[in-house]
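# Architecture and fold: a report
Single-letter residue listing:
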Amino acid sequence: MMSASLHIMILIPFIFAIAVPYIYKQLTPRIHTGWFVLFIPLVIFVYLLSFIPKISEGNTFRETVPWIPAYNINFTTYMDGLSLLFGLIITGIGALVILYSIFYMSKHREALHNFYVYLLLFMGAMLGLVFSDNIFVLYVFWETTSVSSFLLIAYWYEREKSRYGAQKSMLITIFGGLAMLAGFIMLSMITDTYSIREMISNAADISSHSLFIPGMVLILIGAFTKSAQFPFSIWLPDAMEAPTPISAYLHSATMVKAGLYLVARMTPVFGGVAEWFWLVSGVGIITLLYGSVNAVRQTDLKALLAYSTISQLGLIMSLLGLGSASLYFGVGKDSSVYAMAIFAAIFHLVNHSTFKGCLFMVVGIIDHETGTRDIRRLGGLMHLMPISFTLTVIGSFAMAGLPPFNGFLSKEMFFTAVVNASNMSIFNAETIGLAIPIIAWIASVFTFVYSMILVFKTFRGKNKPEKLGKVVHEAPIGMLLSPLILGSLVIIIFFFPNVLSHYLLKPALYAVLPTLAGAGDLNIKISAWHGWNTELFMTLGVVGLGTLLYVYLKKWYRIYLLYPENFTINSLYNLALEKMESSSKLVTERYMTGFIRDYLVYIFSFIILVVGGAMWFFDGFSFDPSADAPLNLFEVGLVLAMISTAIAVLFSKTRLTAIVAVGALGFLVSFFFVLFRAPDLALTQLVVETVTTALFLLSFYHLPELKKEISRIRFKVVNAFISIGVGVTVTMVALSANANRLFESISSYYENSYELAGAKNIVNSILVDFRGFDTMLEILVLTMAGLGVFTLIKLNVSRRDKHEGAE
C-alpha cells in the first residue's frame, strides 16, 4: 500500500525548525515558545495512531521519492509494525518532553529558540531513521541524530562538563556511524541493493559471502555505540549534563533506542547465525551487568539513571540476540519459543520508555525544587513532595521488576528467555549459555538495589534543609503533568498488556521476524501469574537478596573503592584523547613550519611516491617513439637553449639575471609554438611572458636591496633528489601517456570547428564556444583578483592619508 504523506511527516519537524527562531522573537516574553512547538509532535502522534488498525491487520505502507537516481539512492519510506511503534514513541514521548520543558525551561533565562530548533532537528532525524528503507538515507538521518544530540548535550555550552560530554558523545557515536556506513557498503555489495526490504528477502543467500561477517560486525559497532553498549557506554553518563528534558527524551526513550532499532531491523538479515547470536546477546548481557553494578555506586541522581539506562539497554539488546536464534529453526515450535525473546525485547522497550522517562522528569523536578541532585544531600522529601515520591515509587519499582507495574511483566519474560537460552542445543549454548541466566540474575539484584536507593535515599530518612539551596515544595502541576501521564501508563500497561500486545507489540514482532507472520497468528498472552516456576523463584531471589544488600549497603559499599580509577574505561578514553591531541600537535608542528620550501618538499615528495610509485607498481611506464615525428635541428637547439636558461636561473647571482633568464625561458617556449604552427598560442605566450617579466622587474624594483650579492648556492642533496625525481616522474608520465592512448584523440572533434561553431580558428572556437563558460569563469576569477588588489591598494592609500593628516 502507498502513503504519500510519510515523507511530509518526516520533513515537518525540519520545516518548523526553520520557523522557531522567528516565532521565538515574536512570542517572547509574552508566551513560551514550547506551546508552539508542542503542536508538531502531537499532530504527528495522532496521525500515526490512525495507522494502528491497518498495521495490526498486517498491512504495510511504502513510498519512494527519487533522490540520487543515477546511483539508485532513493528516499524510500516504509511503515510496518516496528517503525510505527518507534514513531509513536518518538512523537508521544517527544510531546510529553516538550510539555514538561515549557515549565522546566525558563523563557526569560534560556535561549529557547536554540533548544527547540535542536529538538525538532533530532525528532525529524529519528523519524527519518526509523521510516527509511534505503540504507544510505537511513545513514544520513543516523548521523543527523548524532549532530543534533551533540548540540542538545552542549546546550549549556558555557559549562565545561557540557562541552566535554557533547564532544565524547559525538566522537563515539560518529565513530560508530562511520563503521556502520562501511558495513552498509559491504552489505550492498553482497545483496546488490540498497533496500532493507530486498535485503531481507535475499537473506538466505548471503550468509556464505566473504563480506558477511565483516559487514555484520561493522553494523553492530554502529548499533552498540548509539545504544551505549559496553565498552562504548562511557558517553551516556557524561551526556547527562544536558537539560533534564533532553535526558528524558534522548537518553531514555529515543536516541539510545536507535541502535536497538537497527539490530531489530537487521535481525532478519543476519539472525540465525552463531556470530550474530553471541555478539548481540553477549554484549547485551555484559552491558546489563556493567550498568547495574555501576549504578549502585553513583551519588548523583541523573548519573544513577544514566547507568540504569545502560543496564536496561543491555537487557533489551541481549533479548534481541537471544531471540535471533528463532531464525535458525525456521518455522515451528522451537522458533516460536525463542521468538518470545524478541517479543520481550519490544515489550520492555516500550515499558522502559514509560518508566524511565517518568523517572528522568521526576529527577529534574527534584533538582529544580531542591537545587541539587546529590543523594548525600537529599532525604526526607516524601512529605514535602508527595506526588514526586509516588511517581518515583512507580518508576523505580517498575524498573526493579515488581508488580503491579509494567516492568514486572517484561522482566519475567526476560527471565524466561535467559532460562530457555541455557537449554538451547545450538551455538554451544548448552555450555557457555549456562552463564547467561546467572549473569542476568546478578544484574537484576543490583537493579533492585539501585532502584531502592533512588526511592528511599531520596525521599525517606531525615530532611536536610541546611544542605539544600532552596525551600523545598512540590512542583507545579504543569511540570508534574508529563510524568503523571507516563506513570499512569506504567500501571495501565500492567493491567491491560494484551491490548498493547495485539495492536503494537505483535505487529512489531512480525516485522522483526517476518517468517512468523506467514506461519499463522502466535498465541501470545501476557499475564502476571504463571505459577510457581523458575522465573518466579528468580524474582523472589532478586527481591530477597536485593533487600538484604540494600539494608547492609554501608557494610559492603567500600568494595567499589578497591577498584583503581586509572583502570576505568573513562580513564583510558581520556588518556587516548590526550595522547592523540599531543601526537597531532607534534606532527602538525613538524610540517607546519612556515617555510615554503618545506611545503614544496612535502608536495613534491607526495607526487613522486604516489604517482611514480603507482606507475612503477602497476608497470605503467612505457615509451614507444616509433610513431612520433622525427626531431629536427631547430627543435634540438631550442631544447638545449631552454635547459641552459633553466640552469642559469639556478646559478644566477643577482635578481635581475634570474628574472631575465626566466623570461628568456618563456620566450623560447613560444618559439616551439611557432615551429608547431600555432601562431595564436605563440603570440599569447609572447604577450604573457612580456607582461610577466615587466611585472617581475617592477615588483623587484620596489624590494629592498640585498646587503650582499649571492656568491654561492648551497647544494642540498634533498633538493636535488626531489627536483630530479619530480622532473623524471612528470616526464615519464607524459611519455607514457603519449605511448598509451586508450581513446581516440579529441582533437579530431575540434577540427570540425567551422562546421560546429562557424569559427575558422580552432583555438578561438575552443575558448569562446566549446569552453565558453570555463573561459568566462576564468575571466571572473581574474576580475575578482583584480578587485581584491585594487581594494588593498585603496585601503593602504586611505590609511596612509589618514596617518599623514593626523601628523
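Higher on the page you've got the structure.
The residue count restarts for each chain, going from 1 along the sequence in the order it is written. With the structure being a predicted model, the display of local features is reserved for residues of pLDDT at least 70 and the display and counting of side-chain atom pairs for 80 or more, all residues being used for whole-chain, interface and lining totals. Computation of side-chain values: all heavy atoms of the structure, hydrogens and water removed.

## Focus: the overall build of the chain
Under the convention used in this document: Elements are defined by DSSP. Helices are runs of H or I of four residues or more, strands are runs of E of two residues or more, and each kind is numbered from the N terminus. C-alpha atoms define the radius of gyration in this analysis, and the globule rule sets the expected value at 2.2 Å times the number of residues to the power 0.38. Working rule for contacts: check all heavy atoms of both residues, and any pair within 4.5 Å makes them a contact. In this description, accessible areas are obtained by the Shrake-Rupley approach with a 1.4 Å probe, and a residue is regarded as covered only by the protein chains that are shown. Counting rule for charge: Lys and Arg are taken as positive, Asp and Glu as negative, and neither His nor the chain ends is counted. Note that the charge is assigned to NZ on lysines, CZ on arginines, CG on aspartates and CD on glutamates.
Helix and strand counts for the chain stand at 34 helices and 2 strands. Here the C-alpha atoms of the chain give a radius of gyration of 35 Å, more than 25% beyond the 28 Å that 2.2 N^0.38 yields for 807 residues. Counting only C-alpha atoms and orienting by the principal axes, one finds that the chain spans roughly 105 × 75 × 55 Å. Excluding contacts between residues fewer than 6 apart, the proportion of contacts in the chain whose partners are at least 24 apart in sequence is 80%. Entry remark: accessible area of the chain is about 40,100 Å², with carbon and sulfur atoms responsible for 68%. In the chain, 52 positive and 47 negative side-chain charges are present, and the distance between their average locations comes to 14 Å.

## A word on the pattern of salt bridges
Just so we agree on the cut-off: Criterion for a salt bridge: a side-chain nitrogen of Lys or Arg within 4 Å of a carboxyl oxygen of Asp or Glu.
The tally for this structure, following the rule as stated, stands at 9 salt bridges. Here Arg 373 makes a salt bridge to Asp 300, at a shortest N to O gap of 3.2 Å. Highlighted residues: Arg 373 in the loop between helix 16 (333-370) and helix 17 (386-400) and Asp 300 in the loop between helix 13 (274-296) and helix 14 (301-323), separated in sequence by 73 residues. Of the charged contacts in the structure, one is a salt bridge between Arg 376 and Asp 374, with a shortest N-O distance of 3.0 Å. Overlapping salt bridges, with partners in common, bring together Arg 62, Asp 133 and Arg 197 in one network.

## Re the nonpolar core
Let me state the cut-off plainly: Each nonpolar core is a collection of buried residues, namely Ala, Val, Leu, Ile, Met, Phe, Trp, Tyr and Cys, held together in the definition by side-chain atoms within 4.5 Å. Note on exposure labels: buried denotes an accessible area under 20% of the residue type's maximum, exposed denotes more than 50%, and partly exposed covers the range between, all computed with a 1.4 Å probe on protein chains only.
Ranked by internal contacts, the top residues of the largest apolar core, which has 216 residues, are Phe 184 and Met 266. Element by element, the count of residues in this core is highest for helix 16, at 20 residues.

## Focus on the packing of helix 5 (residues 112-131) against helix 6 (residues 135-153)
We count it as follows: Helix axes are fitted to C-alpha atoms over the stretch in contact, other axes to C-alpha atoms as well, and angles between N-to-C directions run from 0 to 180 degrees. Orientation is classified from the angle alone, with under 35 degrees giving roughly parallel, over 145 giving roughly antiparallel, 65 to 115 giving roughly perpendicular, and any other angle giving oblique. We call a crossing left-handed when the near helix sits turned anticlockwise from the far one by less than a right angle, and right-handed when that turn is clockwise. Only Asp, Glu, Lys and Arg are considered charged, only Ala, Val, Leu, Ile, Met, Phe, Trp, Tyr, Cys and Pro nonpolar, and every remaining residue, Gly among them, polar.
Contact geometry for helix 5 and helix 6: axes closest at 8 Å, N-to-C directions at 155°. In terms of orientation, helix 5 lies roughly antiparallel with respect to helix 6. Pair helix 5 / helix 6 crosses with left-handed handedness. Packed against helix 5, whose contacting residues are Phe 115, Tyr 118, Leu 119, Leu 121, Phe 122, Gly 124, Ala 125, Met 126, Gly 128 and Leu 129, the element helix 6 presents Leu 138, Phe 141, Trp 142, Thr 144, Thr 145, Ser 148, Leu 151 and Leu 152 at the interface. Tallied by class, residues from the contact of helix 5 with helix 6 come to 13 nonpolar, 5 polar and no charged.

## Digging into a nonpolar patch on the surface
Inclusion rule: Residues with no salt bridge and a relative accessible area higher than 30% make up the patches, which join like charges within 9 Å and nonpolar side chains (Val, Leu, Ile, Met, Phe, Trp, Tyr) within 5 Å.
A cluster of nonpolar side chains, namely Leu 481, Ile 485, Leu 489, Ile 492, Phe 495, Phe 496, Val 499 and Tyr 503, defines an oily patch on the protein surface of about 740 Å² accessible area. Put simply, the parts of the chain that give the nonpolar patch at least two residues each are helix 20 (477-495) and helix 21 (497-512). When residues in the nonpolar patch are grouped by element, the largest group, 5 residues, is from helix 20. The residue Leu 489 is located in helix 20 in this model. Residue classification places Leu 489 among the partly exposed positions, given a relative accessible area of 33%.

## Looking at the packing of helix 28 (residues 655-675) against helix 29 (residues 679-701)
The geometry of helix 28 relative to helix 29 is characterised by a closest axis approach of 8 Å and an angle of 175° between their N-to-C directions. Of the possible angle classes, the one that applies to helix 28 and helix 29 is roughly antiparallel. Two secondary-structure elements touch here, helix 28 through Arg 655, Leu 656, Ile 659, Val 662, Gly 663, Gly 666, Phe 667, Val 669, Ser 670, Phe 673 and Val 674 and helix 29 through Leu 681, Ala 682, Gln 685, Leu 686, Glu 689, Thr 690, Thr 693, Phe 696, Leu 697 and Phe 700. Here the contact of helix 28 with helix 29 is composed, by residue class, of 13 nonpolar, 6 polar and 2 charged.

## Some words on unusual backbone geometry
Excluding glycine, residues mostly have negative phi values, and the peptide bonds linking residues are mostly trans. In this structure, the amide linkage connecting Phe 230 to the following residue, Pro 231, adopts the cis form with an omega of 5°. Here the residue pair Pro 403 and Pro 404 is connected by a cis peptide bond, since its omega of 0° sits within 30 degrees of zero. If you trace the backbone, Pro 404 turns up in the loop between helix 17 and helix 18 (406-422). In this model, Asn 72 sits at a positive phi of 60°, which is unusual for a non-glycine residue.

## Describing the pairing of strand 1 (residues 61-68)
The condition is simple: Only strands joined by at least two bridges in the DSSP assignment are considered to pair.
Relative to strand 2 (residues 73-79), strand 1 runs antiparallel, the two sharing 7 bridges. Opposite Pro 66, over in strand 2, you have Asn 74 as the bridge partner. Between the antiparallel neighbours strand 1 and strand 2 lie 4 residues, among them Asn 72 with a positive phi of about 60°.

## Quick word on the packing of aromatic side chains
Our working rule: Ring pairs are drawn from Phe, Tyr and Trp, using the six-membered ring of Trp, whenever the two centres fall within 6.5 Å, and their geometry is named by plane angle: stacked under 30 degrees, edge-to-face over 60, tilted for the rest. Either the NZ atom of lysine or the CZ atom of arginine qualifies as a charge over a ring when it sits within 6 Å of the ring centre and within 35 degrees of the ring normal.
Enumeration according to the criterion identifies 33 aromatic pairs in this entry. With centroids separated by 6.5 Å and ring planes inclined at 40°, the aromatic side chains of Phe 343 and Phe 347 adopt a geometry described as tilted. Of this pair, Phe 343 and Phe 347 both sit in helix 16, separated by 4 residues, roughly a single helical turn. By relative accessible area, Phe 343 is classed as buried at 0%. Aromatic ring contacts, followed pair by pair, group Phe 115, Tyr 116, Tyr 155 and Trp 156 into a single cluster. The lysine or arginine in question, Arg 159, covers the ring of Trp 156, its NZ or CZ lying 4.1 Å from the ring centre.

## So, the pairing of strand 2
The buried fraction of strand 2 amounts to 7 of the 7 residues, a majority that puts the element mostly inside the structure. Residues of strand 2 alternate between two faces, with Ile 73, Phe 75, Thr 77 and Met 79 on one and Asn 74, Thr 76 and Tyr 78 on the opposite face, all of them buried.

## Looking at the side chain of Ser 148
Mapped onto the elements, Ser 148 comes out in helix 6. The exposure class assigned to Ser 148 is buried, which follows from its relative accessible area of 3%. Beyond its immediate sequence surroundings of up to four residues, Ser 148 is in contact with Tyr 118, Leu 121 and Phe 122.

## Considerations on helix 20
Rules: Any helix carries an expected span of 1.5 Å times its number of residues minus one.
For helix 20, which comprises 19 residues, the first-to-last C-alpha distance of 26 Å matches the rise-based estimate of 27 Å (1.5 Å per residue) to within 8%. Taken as a whole, helix 20 has its buried residues at Gly 478, Met 479, Leu 480, Ser 482, Pro 483, Leu 486, Gly 487, Val 490, Ile 493 and Phe 494.

## A few points about helix 23 (residues 534-551)
Note on helix geometry: an α-helix contains 3.6 residues per turn, so any two residues three or four positions apart are oriented the same way. The criterion, for reference: The directions from the helix axis to the C-beta atoms are what the arc is built from.
For helix 23, which comprises 18 residues, the first-to-last C-alpha distance of 26 Å matches the rise-based estimate of 26 Å (1.5 Å per residue) to within 8%. Taken as a whole, helix 23 has its buried residues at Glu 535, Leu 536, Met 538, Thr 539, Val 542, Gly 546 and Tyr 550. Down the axis of helix 23, the buried side of the element spans an arc of 155°, and every buried residue falls inside it. Buried residues in helix 23 make contact with helix 18, helix 19 (435-459) and helix 24 (553-556).

## Topic: the environment of Phe 448
Along the polypeptide, Phe 448 turns up in helix 19. A residue is classified by how much of its surface remains accessible, and Phe 448, at 4% relative accessible area, is buried. Each C-alpha atom, one on Phe 448 and one on Thr 547, is 7.8 Å from the other, the two residues being 99 residues apart in sequence.

## Notes on the environment of Leu 787
Its place among the elements puts Leu 787 in helix 34 (residues 772-806). Among the residues examined, Leu 787 registers a relative accessible area of 51% and is labelled exposed. Expressed as a C-alpha distance, the spacing of Leu 787 and Trp 529, which sit 258 residues apart in the sequence, is 83 Å.

## Some words on the side chain of Ser 132
Cut-off, in case you're wondering: Under the rule applied, a polar contact is a pair of N or O atoms within 3.5 Å (in protein, one hydrogen donor and one hydrogen acceptor; residues adjacent in sequence only if both atoms are side-chain atoms).
Within the secondary structure, Ser 132 sits in the loop between helix 5 and helix 6. Separated by 2.3 Å, the side chain of Ser 132 and the backbone oxygen of Gly 128 make a polar contact.

Everything listed here is a matter of coordinates, which is why it stays silent on function.
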